[in-house]
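Coordinate analysis (summary)
If you want the building blocks of each chain, they are given just below.
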Amino acid sequence: MKNPHDIIIRPVVSEKTYVAVEERNTYTFVVATSASKPEIKDAIEFIFDGVKVSKVNTLNRKGKRVRNRRNNTFTKRTDTKRAIVTLSEGEIELYSS
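What you are looking at is a predicted structure, and each value in this text was computed from that prediction instead of being measured.

Description of the pairing of strand β4 (residues 65–68)
- In terms of strand pairing, β4 meets strand β5 (residues 73–76) through four bridges, oriented antiparallel. In the strand pairing of β5, asparagine 68 is matched with threonine 73.
- The antiparallel pairing of β4 with β5 creates a hairpin that spans four residues between the two strands, and asparagine 72 there sits at a positive phi of about 55°.

Now the structure itself:
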């Protein structure tokens, strides 16, 4: 089994994800591009004790093309994979201040 901290890279923090947490009890994470849905589910349940994952949706995001103004060349940001995790029980303390 892979290390759960290698699968879950970081949470996505935005206004849209705050609304999703409040209304639908869903959390969004940036995950490893090779991670599968069962691996993501097991990693979330291992890292955050007391939560039960009911559903995992994933999406691959292509990296944007970025122009370098110095020498007028284009580079590409890395592709990322996101996981939208719906919890059936429990809550994750991500946004505490």
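Here we look at helix α3 (residues 37–47)
- When α3 is considered as a whole, its buried residues turn out to be Ile40, Ala43 and Ile44. In an axial view of α3, the angular spread of the buried residues amounts to 100°, which keeps them on one side of the axis. Turned more than 90 degrees away from the buried face of α3, the exposed residues are Pro38 and Phe46.

Digging into the side chain of threonine 86
- Secondary-structure assignment places threonine 86 in strand β6 (residues 80–89).
- When its relative accessible area of 16% is taken as the criterion, threonine 86 is described as buried.
- Beyond its immediate stretch of four places on either side in the chain, threonine 86 contacts Arg24, Asn25, Thr26, Val53, Ser54 and Lys55.

Description of unusual backbone geometry
- In this structure, asparagine 25 takes a positive phi of about 55° despite not being glycine.
- With phi around 55°, asparagine 72 is a residue other than glycine that occupies positive phi space.
- Mapping asparagine 72 onto the fold places it in the loop between β4 and β5.
- Exposure remark for asparagine 72: the relative accessible area of 56% places this residue in the exposed category.

Remarks on the pattern of salt bridges
- In the structure shown here, the tally under the stated rule is three salt bridges.
- Across the pair lysine 2 and glutamate 39 runs a salt bridge, and its minimum N-O distance is 3.8 Å. You can see lysine 2 sitting in the segment before α1 (4–7) and its partner glutamate 39 sitting in helix α3, a full 37 residues away along the chain.
- Here glutamate 39 falls in the partly exposed class, since its relative accessible area comes to 26%.
- Residues aspartate 79 and lysine 76 are paired through a salt bridge, measuring 2.7 Å at the closest nitrogen-oxygen approach.

What about the environment of valine 85?
- Its place among the elements puts valine 85 in strand β6.
- Separated by 38 residues in sequence, valine 85 and isoleucine 47 have C-alpha atoms that sit 13 Å apart.
- Residues in contact with valine 85, not counting those within four places in the same chain, are Asn25, Thr26, Tyr27, Phe29, Ile40, Ile44, Val53 and Lys55.

About the thresholds
- Residues numbered from 1 in each chain as written.
- Predicted model: local features only at pLDDT ≥ 70, side-chain atom pairs only at ≥ 80, totals over all residues.
- Heavy atoms only, no water.
- Pairing = 2+ DSSP bridges.
- Helix = DSSP H or I, 4+ residues; strand = E, 2+ residues; numbered from the N terminus.
- Buried < 20%, exposed > 50% of the residue type's maximum accessible area, 1.4 Å probe, protein only.
- Arc of directions from axis to C-beta.
- Contact = heavy atoms within 4.5 Å.
- Salt bridge = Lys/Arg side-chain N within 4 Å of Asp/Glu carboxyl O.

All we've got here are geometric facts, nothing functional implied.
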